[in-house]
Amino acid sequence: MDNPTFQMIQTITQNRINDLFARKSQGLLNVYFTAGFPEIGATASILRSLEKAGVDLVEIGMPYSDPVADGETIQQSNMKALEDGMSLRLLFEQLAGCRDEVTVPILLMGYINPVLQFGVEAFCRKCKEVGVDGVILPDLPLDLYLDEYEPIFREYGLLNIFLITPQTTEARIRLIDEQTEGFIYMVSSASITGSQSGVSDEMLAYFNRIQAMNLRNPRLIGFGIKDSETYQMACQYANGAIIGSAFIRHLQNGPATEERIQEFVSAIR
Amino acid sequence: MQVALDQTLSPFGVNDKGFYGRFGGAFIPEMLYPNVEELRRNYLTIINDPAFQQEYRDLLTDYVGRPTPLFLASRLSEQLNATIYLKREDLCHTGAHKVNNTVGQILIAKRLGKKRIVAETGAGQHGVATATVCALMGLECVVYMGAIDIERQKPNVDRMKMLGATVVAATSGSQTLKDATNEAMRHWINNPVDTHYIIGSVVGPHPYPDMVARFQSVISEEVKKQLFAKTGSENPDYVVACVGGGSNAAGAFFHYLDEPSVKLVAAEAAGMGISSGHSAATTALGKPGVLHGSRTILMQTEDGQVTEPYSISAGLDYPGIGPLHAHLYDSGRGIFKSITDEDAVKSAFELTRLEGIIPALESAHALAALKELPLTDKDVVVVCLSGRGDKDLATYSKYL
Ligand SMILES: Cc1ncc(COP(=O)(O)O)c(C=O)c1O
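Residues numbered from 1 in each chain as written. Chains lettered and ligands numbered in written order. Predicted model: local features only at pLDDT ≥ 70, side-chain atom pairs only at ≥ 80, totals over all residues. Heavy atoms only, no water.

- By the naming in an unreviewed UniProt entry, chain B is Tryptophan synthase beta chain, taken from Arsenicibacter rosenii.
- A UniProt comment under Cofactor (unreviewed entry) is attached to chain B, and it reads "pyridoxal 5'-phosphate". (UniProt positions renumbered as here; feature names shortened; annotations may be inferred.)

Description of the sheet that holds strand β4 (residues 134–136) of chain A
All names here are of chain A.
Here is step 1 of the chain: The nine strands are arranged β5-β4-β3-β2-β1-β9-β8-β7-β6 in an open sheet whose pairing can be described as parallel. Each end of this open sheet is capped by a strand with a single partner; those strands are β5 (159–160) and β6 (163–164).
Here is step 2 of the chain: As paired strands, strand β1 (residues 28–34) and strand β2 (residues 57–61) are joined by five bridges and run parallel to one another. Across the sheet, the residue bridging to F33 is I60, located in β2.
Here is step 3 of the chain: Together, β1, β2 and β3 (106–109) form the strand contacts of helix α2 (residues 43–52), whose direction differs from that of β1 by roughly 165 degrees. (Pairing = 2+ DSSP bridges. Helix = DSSP H or I, 4+ residues; strand = E, 2+ residues; numbered from the N terminus. Contact = heavy atoms within 4.5 Å. Axes fitted to C-alpha atoms, helices over the stretch in contact; angles between N-to-C directions.)

Here's the deal with the environment of V115(A)
Residues and elements named next belong to chain A.
Here is step 1 of the chain: Locating V115 in the fold gives a position in helix α5 (residues 112–118).
Here is step 2 of the chain: When the C-alpha positions of V115 and A234 are compared, they lie 31 Å apart, and in sequence the two are 119 residues distant.
Here is step 3 of the chain: Look past the residues within four positions of V115 in its chain and what remains in contact with it is M62, L88, V120, F123 and L137.

So, the site of the ligand
All names here are of chain B.
Here is step 1 of the chain: Residues in close proximity to the ligand total 18 residues, the closest being S201, G244, G246, S247 and S386.
Here is step 2 of the chain: Between the ligand and S201 there is a distance of 2.5 Å, counted from an oxygen atom to a side-chain nitrogen or oxygen.
Here is step 3 of the chain: At 2.7 Å from an oxygen atom of the ligand is found a side-chain nitrogen or oxygen belonging to S247.
Here is step 4 of the chain: Relative to its free-state accessible area of 390 Å², the ligand is covered by the protein chains to the extent of 97%.
Here is step 5 of the chain: Residues belonging to the shell around the ligand are distributed by class as follows: five nonpolar, eleven polar and two charged. (Near = heavy atom within 4 Å. Polar contact = N/O pair within 3.5 Å; in protein donor to acceptor, adjacent residues only side chain to side chain. Areas by Shrake-Rupley, 256 points an atom, 1.4 Å probe, with all protein chains shown as cover. Nonpolar A, V, L, I, M, F, W, Y, C, P; charged D, E, K, R; others polar.)

Concerning the interface of chain B and chain A
Here is step 1 of the chain: Each partner contributes residues to the interface: chain B has 35 residues there, and chain A has 39 residues.
Here is step 2 of the chain: Regarding the contact of chain B and chain A, the summed buried area is about 2,900 Å², with carbon and sulfur atoms giving 53% of it.
Here is step 3 of the chain: Considering only the surface of chain B that becomes buried against chain A, E30(B), M31(B) and R186(B) emerge as the three largest contributors, covering 22% of it.
Here is step 4 of the chain: For E148(A), the salt bridge identified is with R295(B), shortest N-O distance 3.0 Å.
Here is step 5 of the chain: Where the side of chain B that touches chain A is concerned, the elements lending two or more residues are α1 (33–48), α8 (177–190), β11 (287–291) and β12 (294–298) of chain B.
Here is step 6 of the chain: The greatest single-element share of the side of chain B that touches chain A, amounting to eight residues, is contributed by α8(B).
Here is step 7 of the chain: Among the residues making up the side of chain B that touches chain A, the classes are represented as 16 nonpolar, nine polar and ten charged. (Buried area = accessible area lost by both parts, 1.4 Å probe. Salt bridge = Lys/Arg side-chain N within 4 Å of Asp/Glu carboxyl O.)

And the structure:
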């Protein structure tokens, strides 16, 4: 797998994510929330509020029964949304028309099985239709993606964002950098989402190592980014940061109003 | 080890990308990639090393108690009008076939320099088999078990604790085996360098299904020799085994996969009946998809959410099957039968009264499947009696 046998992607897809990074390369903030959480009908309004609050990218979680890469907070939000009847079909209905109001790049984050059942091509077509720009599917590994699905994603102009961790080898990072566009999702430490491990020397060594690689893709750091301090730290080593569990906790602690979302984002920046 | 099956040539072997036909692969998050890749790069070299083989074989003989007998069940044979042999995995140390795999994997973990073992368990059999080999080798052991299973399988929880393992309740999702598996995977993600994950069946990302099948293949390796000694032929007409994830079945089928005259029968748990809404009959109710790192057949909703299965037997209470079995089903090489709780319990009592052997509830599903086969007096059948019924006495006692 570490032998790149695929041709390097040359073209830069016309896409809101690529446009964003062409415009802005520092201090980007990507906020994650689970579709249909805390209320099943809240998806579109949370998306609008995040854009109003000045978030640069929005990552919407597609709830799944068995989210192995996620910690307790995101798992629980997934379970709650599923119990309330959330589904991929409903998510696409909720997002239909959102592009009349929001211009922020939208990513869908979730697991491969619901996408397979929806049909990969149908999924990509729907993403294009409603204005989704990219996806993050942690359990669809790079080799399987390139072997089976890359042409479909490309046809619909959908970017597939891949993760790297402190354990990912240099050769593999180079391969991901060559084969994908949009940005690279740097998982801050060996962990699931929502970990509270804090910033270690090991972590900083990893950030420095990746920074020195001069990758062609921008990088966002996620996992464990939870407040202004961790956000600022991440921004020193990458183009920005991704916040998930901390925002879900904020939504658990009070209503998902525009004011409260503004409050959360202002506290980070 | 006598590896009769050439994995690269057999249509039922795993290919270099980890697939059996269209099933298998390694659908894992990047956080797990280095761990799984380390294992993938090393497992065959380690297994094929003569020093490893010596150590593994010695432990199977002196610690597990292998070879396990192949017993001619005369009275059961008479009743079913066929020649029925029982492969007595119930006589393994710890009471089931699970230990064949944990002995192999702990030796791999040691050679990879791992300090800690994590495992998932449903009924507790795999957890006990893992805690046992960890005690034997002096490695730390963490076992995830669904909070609901902890309550209903107390004796095995106590065994694990006595063996020195830390038993952690999986409180997410439905709090049973599938969630214990998720939690064990999360634990491995959080501890990528010093921990080895001992999966308990032929499930999970490549190379697990192949590695576990190889360790369990000792079952059919012995059956071939034993059957030849008893009948003059290595090959029975049928091999029958129950399938939770499918490890005892994979072991019992392994050396017969490329022997088309031997029919391979897999018994799935139908629970209260296939259409009752309380079932674990994966091939009857499932569809292709991805579960716990491999593309396989799994029970799921139309939206691709994993369904919570049900079976009276905790070891079969799993919403998927290993990718090898999905391929056997898909290709028609395997014959799949769904067995209800009621029929399994009935067969457990029959075996007990006819042969003086109390089978595990899981194994009782394989026994019940015999009645679904068009047996004649010329047929020779090997049933994998995967475990003993001591752990199931609380359930059996309701029927006394
Ligand atoms: C006695 C026994 N048989 C069978 C099984 C099912 O597992 P598998 O299908 O991997 O053999 C179990 C699992 O706990 C078991 O304890």
